[in-house]
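So you can see what is in the structure, the chains are spelled out below.
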Amino acid sequence: MSKIIAVSSQAIRKLNTPQLLKSGLYLTWSASILLLITTISGVQGQRQAIKTLGKDSTPSIVTAQQLKDAFAGMDANVANELLVPAGQNQDAVKGYEEGYQKATERLVAAAENITYGDKERKPIETMQLGLGNYIAKIQQARDFHQRGDTNSVLVAYRAAAEIMDKTLLPAADELDEANFAELKRSYSEEKFASGRSLFLIMISGVILIVVLVGFQVFLSQRMRRTLNPYLLAATAIAFIFLGYTTRAILSSADHLTLAKERAFDSMHTLRQARALSYSANADESRYLLDPTFASKHELAFMEKASRLAKLTDGLTLKTIVAAVKQNKDVKGFTGFLADELVNIPGDFFPGEQEAALASFSTWENYIAIDQQIRQLNQSGKLQEAIALCLGDKPGQSNWAIDQFKEANQKTFDINQAVFDKAIKQGDDDVTGFEITTPIAVSAIALLTLFGLLPRLKEYS
């Protein structure tokens with residue numbers, strides 16, 4: 001900056017004093033306006049990035065995952081209902097009705113938050129139509145179940161299951177992917193735009209400060225005045241405002257990064273794991289309900305279980321827990337639960353590590369119980385397998401999956417709290433600039449005028 005000031009001082013010596021004073025005044029005002037424009041533009045861009053993450057894409061993504069929860073939960077509950085004689089599993093009936101209620105509410109919420117046009121509208125319409133068809137097929141299966149017509153029950157349920165697997169769940173994934181892709185694109189663009197805006201703000205601020213300091217040098221050298229109080233005050237305001245603006249935008253950008261890359265990415269992973277666990281739980285019940293396609297449902301369960309958590313190279317729960325607690329990399333551990341556990345070693349939010357480990361531990365318990373169910377079924381003990389599958393006491397399948405859901409939800413809530421706080425703080429960081437920026441710029445312009453006006457009168 002000292003070289004720039006020196007060059008500026010040499011240049012201004014060649015001009016006559018009145019011309020220089022007037023040109024300098026206009027130059028200061030122009031630089032002030034440039035700072036005003038770049039600051040307001042940068043702040044609005046940062047606020048738009050926060051809005052995109054916090055209000056546009058994120059709620060739709062979470063809603064899409066919640067729709068998967070509701071759909072898969074409905075399917076698991078109706079399969080559990082059909083596993084025993086009609087009227088003997090009222091908990092499953094209640095669970096199915098609650099799932100249907102949640103699904104309809106979330107479809108309405110998704111429709112009310114359409115931001116990206118047909119990318120969201122089409123999967124929502126597909127789910128609305130598909131849910132109606134699914135409900136109709138399930139009602140047929142229930143009617144046949146009341147009559148004791150096992151073959152017709154399976155025919156109707158298979159048709160419903162096909163709607164679930166090929167229409168409802170893929171449409172929920174499509175809604176999720178549409179919003180998540182848009183979120184990643186806009187986040188990347190806004191992050192670049194934030195850096196560019198900050199650069200422009202700093203350049204315009206430096207230009208303004210150079211002009212003001214240049215005038216201080218000029219007045220000191222040509223007019224024998226050591227300091228001009230007004231110009232000194234204007235320079236101080238420019239310095240303070242530039243520093244404050246830079247810190248505010250950097251802070252807001254840091255909060256946006258925290259919300260997206262740390263909190264929300266974990267939230268998305270956890271929601272995917274939760275939805276997949278619901279779907280796998282339905283496959284477990286289908287395995288017992290439909291012996292003809294038992295192997296198909298078993299393969300579906302195993303595939304989903306491996307997407308949740310897959311251990312290789314002789315890994316065990318004990319070794320993984322020990323490695324994670326020591327912030328060591330865990331090789332041979334993949335899946336959504338692994339993404340949450342091992343991708344952020346040493347960088348957990350308070351309570352997150354314990355909750356994430358509990359999610360993995362409870363899922364391992366569920367898998368162990370599922371293996372017992374299959375062993376009982378393969379040994380010809382179908383009723384015992386069904387009892388273990390439907391049981392909600394410690395050591396039984398429904399109890400185990402509920403334990404996993406609770407641990408998963410606790411981990412999600414920790415990240416949700418951080419996400420909400422980061423979004424709010426990021427927005428607060430850039431709040432009020434539409435007022436403070438014009439005030440600061442106006443003050444600089446007026447102080448410059450007051451500082452130079454007496455000098456201009458000397459030459460009038």
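This report concerns the structure included in the present document. Treat the numbers as computed from the prediction; the structure is a model and nothing was measured.

**A look at the packing of aromatic side chains**
Step number 1: All chains considered together, the criterion is met by 9 aromatic pairs.
Step number 2: An angle of 55 degrees between the planes, with centres 4.9 Å apart, marks the rings of Phe-333 and Phe-360 as tilted. Of this pair, Phe-333 sits in strand β2 (residues 333-334) while Phe-360 sits in helix α10 (residues 352-378), placing them 27 residues apart in sequence.
Step number 3: The class of Phe-360 is buried, set by a relative accessible area of 0%.
Step number 4: Each residue in the set Phe-301, Trp-363, Tyr-366 and Phe-404 is aromatic and connected to the rest through ring pairs, giving one cluster.
Step number 5: Residue placement shows Lys-260 over the ring face of Tyr-187; its charged tip is 5.4 Å from the ring centre.
Step number 6: The positively charged end of Lys-296 is found above the aromatic ring belonging to Phe-293, 5.7 Å away from the centroid.

**Observations regarding the environment of Asn-133**
Step number 1: Along the polypeptide, Asn-133 turns up in helix α4 (residues 118-147).
Step number 2: As for Asn-133 and Ala-160, which are separated by 27 residues in sequence, their C-alpha atoms are 7.7 Å apart.

**Let's talk about the layout of surface pockets**
Step number 1: Of the volumes computed, that of the largest pocket is approximately 630 Å³.
Step number 2: In terms of lining, the largest pocket is formed by 27 residues, of which the most central are Asn-77, Gly-95, Glu-98, Asp-402 and Lys-405.
Step number 3: Where the lining of the largest pocket is concerned, the elements lending two or more residues are α2 (17-83), α3 (90-112), α6 (229-289) and α12 (397-429).
Step number 4: A breakdown of the residues in the lining of the largest pocket according to their chemical character gives 7 nonpolar, 9 polar and 11 charged.

**Side note on the nonpolar core**
Step number 1: One finds Phe-71, Met-127, Tyr-134, Tyr-157 and Trp-363 to be the most contacted residues of the largest nonpolar core, which totals 71 residues.
Step number 2: Looking at this core, the element that brings in the most residues is helix α5 (residues 150-222), giving 13 residues.
Step number 3: Here Tyr-157 is in contact with Asp-75, Val-78, Ala-79, Leu-82, Ile-138, Ala-141, Arg-286 and Leu-289, once residues within four sequence places are set aside.

**A short note on a nonpolar patch on the surface**
Step number 1: Residues Leu-34, Phe-199, Leu-200, Ile-203 and Ile-207 make up a contiguous nonpolar surface patch of roughly 430 Å² in combined accessible area.
Step number 2: Ranked by residue count, the leading element in the nonpolar patch is α5, at 4 residues.
Step number 3: For Ile-207, the location among the structural elements is in helix α5.
Step number 4: Using a relative accessible area of 38% as the deciding quantity, one classes Ile-207 as partly exposed.

**Examining the packing of α6 against helix α7 (residues 294-308)**
Step number 1: Two elements in contact, α6 and α7, have axes whose closest approach is 8 Å; the angle formed by their N-to-C orientations is 160 degrees. It follows that α6 is roughly antiparallel to α7 by the angle criterion. Between α6 and α7 lies a crossing whose hand is left-handed. Contacts between α6 and α7 involve Ala-273, Leu-276, Ser-277, Ser-279, Ala-280, Asp-283, Glu-284, Arg-286 and Tyr-287 from the former and Ala-294, His-297, Glu-298, Ala-300, Phe-301, Lys-304, Arg-307 and Leu-308 from the latter.

**Some remarks on the pattern of salt bridges**
Step number 1: In the structure shown here, the tally under the stated rule is 23 salt bridges.
Step number 2: A salt bridge links Arg-158 to Asp-290; the nearest nitrogen and oxygen atoms lie 2.8 Å apart. Remark: Asp-290 occurs in the loop between α6 and α7 and Arg-158 occurs in helix α5; sequence separation between them is 132 residues.
Step number 3: With a closest N to O distance of 2.9 Å, Asp-428 and Lys-424 form a salt bridge. In this pair, Asp-428 and Lys-424 are both assigned in helix α12, 4 residues apart and thus about one turn of the helix distant.
Step number 4: For Lys-424, a relative accessible area of 53% gives the class exposed.
Step number 5: The network of salt bridges with common partners includes Asp-75, Asp-165, Asp-283, Arg-286 and Lys-304.

**Some remarks on the environment of Ala-156**
Step number 1: Counting through the fold element by element, Ala-156 comes out in helix α5.
Step number 2: Considered as a pair, Ala-156 and Ile-138 are 18 residues apart in the sequence and their alpha carbons are 6.8 Å apart.
Step number 3: Not counting residues within four places of it along the chain, the set of residues in contact with Ala-156 comprises Lys-137, Gln-140, Ala-141 and Phe-144.

**Looking at the packing of α6 against helix α11 (residues 382-390)**
Working note: a packed helix pair is described by the angle between its axes plus the distance between those axes.
Step number 1: Following both chains from N to C, one finds α6 and α11 inclined at 160 degrees, their axes separated by 10 Å at the closest point. In this view, α6 runs roughly antiparallel relative to α11, as classed from their interaxial angle. Relative to α11, the crossing made by α6 is left-handed. For the pair α6 and α11, contact is made by Glu-284, Ser-285 and Leu-288 and by Leu-382, Ala-385, Ile-386 and Cys-389, respectively.
Step number 2: In the contact of α6 with α11, the residues fall into 5 nonpolar, 1 polar and 1 charged.

What counts, and at which threshold
- Residues numbered from 1 in each chain as written.
- Predicted model: local features only at pLDDT ≥ 70, side-chain atom pairs only at ≥ 80, totals over all residues.
- Heavy atoms only, no water.
- Phe/Tyr/Trp six-rings, centres within 6.5 Å; stacked < 30°, edge-to-face > 60°.
- Helix = DSSP H or I, 4+ residues; strand = E, 2+ residues; numbered from the N terminus.
- Buried < 20%, exposed > 50% of the residue type's maximum accessible area, 1.4 Å probe, protein only.
- Lys NZ or Arg CZ within 6 Å of the ring centre and 35° of its normal.
- 1 Å grid on protein atoms, 1.4 Å probe; cavity = no way out; pocket = protein on both sides within 12 Å on 5 of 7 lines; lining within 4 Å.
- Points joined across faces, edges and corners; volume = space filled by probe spheres on them.
- Nonpolar A, V, L, I, M, F, W, Y, C, P; charged D, E, K, R; others polar.
- Core = buried A, V, L, I, M, F, W, Y, C linked by side-chain atoms within 4.5 Å.
- Contact = heavy atoms within 4.5 Å.
- Patch = residues over 30% accessible without salt bridge, like charges linked within 9 Å, V, L, I, M, F, W, Y side chains within 5 Å.
- Areas by Shrake-Rupley, 256 points an atom, 1.4 Å probe, with all protein chains shown as cover.
- Salt bridge = Lys/Arg side-chain N within 4 Å of Asp/Glu carboxyl O.
- Axes fitted to C-alpha atoms, helices over the stretch in contact; angles between N-to-C directions.
- Parallel < 35°, antiparallel > 145°, perpendicular 65-115°, else oblique.
- Left-handed = near helix turned anticlockwise from the far one by under 90°.

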